[in-house]
Amino acid sequence: MYGLPTDTIRKEFRTRMVMNNGLNPVYNEESFVFRKVILPDLAVLRIAVYDDNNKLIGQRILPLDGLQAGYRHISLRNEGNKPLSLPTVFCNIVLKTYVPDGFGDIVDALSDPKKFLSVMEKRADQMRAMGIETSDIADVPNDMSKNDKKGKANNPKANVTPQTSSELRQNATSGVGPGIEAKKGIDLIPQVRLEDLKQTKAYIKHMKKQQKELNALKKRHGKEHSIMQKLHCTQVDKIVAQYNKEKLAYEKILEKAIKKKGGNNCLEMKKEFENKIQTLTSDHTSKVKEIVGQHTKEWSEMIHTHSAEEQEMRDLHLSQQCELLKKLLIGAHDQQTQQLKLSHDRESKEMRANQAKISMENGKAISQDKSIKNKAERERRVRELNSSNTKKFLEERKRLAMKQTKEMDQLKKVQLEHLEILEKQNEQLLKSCHAVSQIQGNPFSIVGATLEEAQAATGR
């Protein structure tokens, strides 16, 4: 056969020499089979007859697309392509459509759909008779597949049907069970929750550090409170002591005057001393009120300053917590992306290994196939198989790349949604914290309480 380089076959199909029968030789040998013709429109078939001295008796060149199936008499021609009168070749020509390996059942069903449907209906009726629905079970192999399996068991080297890496992976995982499927890709990556981030070591350590800072601030504020209280009490005690001292001095002077002049002659002096004591008491009361007002003002300013410092620290801590949570979430997202990349690399590596294994097994099966007799046919089969495997493998890798890209885009979308939710929660927390700080910034309630405490401390 002559045509495309893949279709050209030279000096491969040759019969044995028939001795002592040049008039009507019969060639009872195996048929000459051309498995696959890529371009029949350009292919031609050459039939030639030679004698025992390898001299050409006659030949005929026929276009492949003009052949007719059946038993045919083919008249031969000489080297100049001129017709010869007597020599002819009587042969049987069989024309078939090339069907790739693995598609025979589909072609049979398409060629005779009534027979296929009737077989399927009979099978479904038999299943219903046994109380089994066809939707509840997997496909049961038919007689042809059983015969194929028997043939494989008897001669395992005779099958050269190529397998794809996806089929090999399905066969490897088919023993898991009908209700269990292997999870892959994004389902294997754990989802990140806010509660899990708050349980991390970094967040707990940061919270302990913030609590320590807040406790130190409260302790410092408590010391300042006690110092101011002692100072205020000391000032009030000094005023009270001075008042008692002056009052005692007036009383001693009055007693000495009464002893010298007598009780009846000191009525005017008593009235004068009572007026002085009343004046001293009124001056003392005004001084106490003034000092208590000053103390109340100082106390309220200190309380307001302390509450502002504490609220400022709480706001700072809250903003730091929000930033830390965001940083931890971004880190967890990076880990998720890295895990998904590793999973994708592992899948790609497994696919390449499976494809290499399949290619080696198919090539080995072709090399051990005893039905292939000559080297050229075996090489042609290997080329066809390599071409078919290359197309299938490239398609599988393309599908895997699209699947991995889709999984990565889906993961990025979910991560972006989580980040937006966290930012919204942080904004709400900061707003509520600012509102609380504004409410606590009103000093009137603090001033009133401080005034009562100061008055109770003076005892007046």
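Presented here is a report on the structure given in the accompanying data block. (Residues numbered from 1 in each chain as written. Predicted model: local features only at pLDDT ≥ 70, side-chain atom pairs only at ≥ 80, totals over all residues. Heavy atoms only, no water.)

### Examining the overall build of the protein chain
Phase 1: Looking only at helices and strands, the protein chain has nine helices and four strands in total.
Phase 2: Each helix (α) and strand (β) of the protein chain, taken in turn from the N terminus, gives the series β-β-β-β-α-α-α-α-α-α-α-α-α.
Phase 3: Buried residues in the protein chain amount to 23% of all 460 residues.
Phase 4: Once local pairs closer than 6 in sequence are excluded, the contacts in the protein chain between residues at least 24 apart make up 67%.
Phase 5: Accessible surface computed for the protein chain: about 33800 Å², of which carbon and sulfur atoms make up 54%. (Helix = DSSP H or I, 4+ residues; strand = E, 2+ residues; numbered from the N terminus. Buried < 20%, exposed > 50% of the residue type's maximum accessible area, 1.4 Å probe, protein only. Contact = heavy atoms within 4.5 Å. Areas by Shrake-Rupley, 256 points an atom, 1.4 Å probe, with all protein chains shown as cover.)

### Topic: empty space enclosed by the protein
Gaps between atoms show up when a probe of the same size as a water molecule is rolled over them.
Phase 1: On inspection of all chains with the given rule, the structure shows one cavity of 30 Å³ or more.
Phase 2: As a volume, the largest cavity reaches approximately 60 Å³.
Phase 3: Lining the largest cavity are Thr6, Ile9, Val33, Phe34, Arg35, Lys36, Glu377, Arg380 and Glu384.
Phase 4: Counted by class, the lining of the largest cavity contains three nonpolar, one polar and five charged residues. (1 Å grid on protein atoms, 1.4 Å probe; cavity = no way out; pocket = protein on both sides within 12 Å on 5 of 7 lines; lining within 4 Å. Points joined across faces, edges and corners; volume = space filled by probe spheres on them. Nonpolar A, V, L, I, M, F, W, Y, C, P; charged D, E, K, R; others polar.)

### Re the packing of aromatic side chains
Phase 1: Throughout the structure, instances matching the rule amount to three aromatic pairs.
Phase 2: Ring centres 5.4 Å apart and planes at 40 degrees place the aromatic pair Phe13 and Phe32 in the tilted group. Pair noted here: Phe13 is in the segment before strand 1 (44–50) and Phe32 is in the segment before strand 1, with a separation of 19 residues, a long-range link.
Phase 3: Given a relative accessible area of 28%, Phe13 falls into the partly exposed group.
Phase 4: Of the residues examined, Phe32 reaches a relative accessible area of 41% and is grouped as partly exposed.
Phase 5: These aromatic residues form a ring-pair network of at least three members: Phe13, Phe32 and Phe34. (Phe/Tyr/Trp six-rings, centres within 6.5 Å; stacked < 30°, edge-to-face > 60°.)

### Overview of the nonpolar core
Phase 1: Counting residues in hydrophobic clusters, the biggest one holds nine residues: Val192, Leu197, Tyr203, Leu324, Leu325, Leu329, Ala332, Leu419 and Leu422.
Phase 2: Sorting elements by how many residues they give to this core places helix 7 (residues 267–367) first, with four residues.
Phase 3: Listed in part, the eight residues of the second largest apolar core include Met1, Ala43, Ile74 and Ile93. (Core = buried A, V, L, I, M, F, W, Y, C linked by side-chain atoms within 4.5 Å.)

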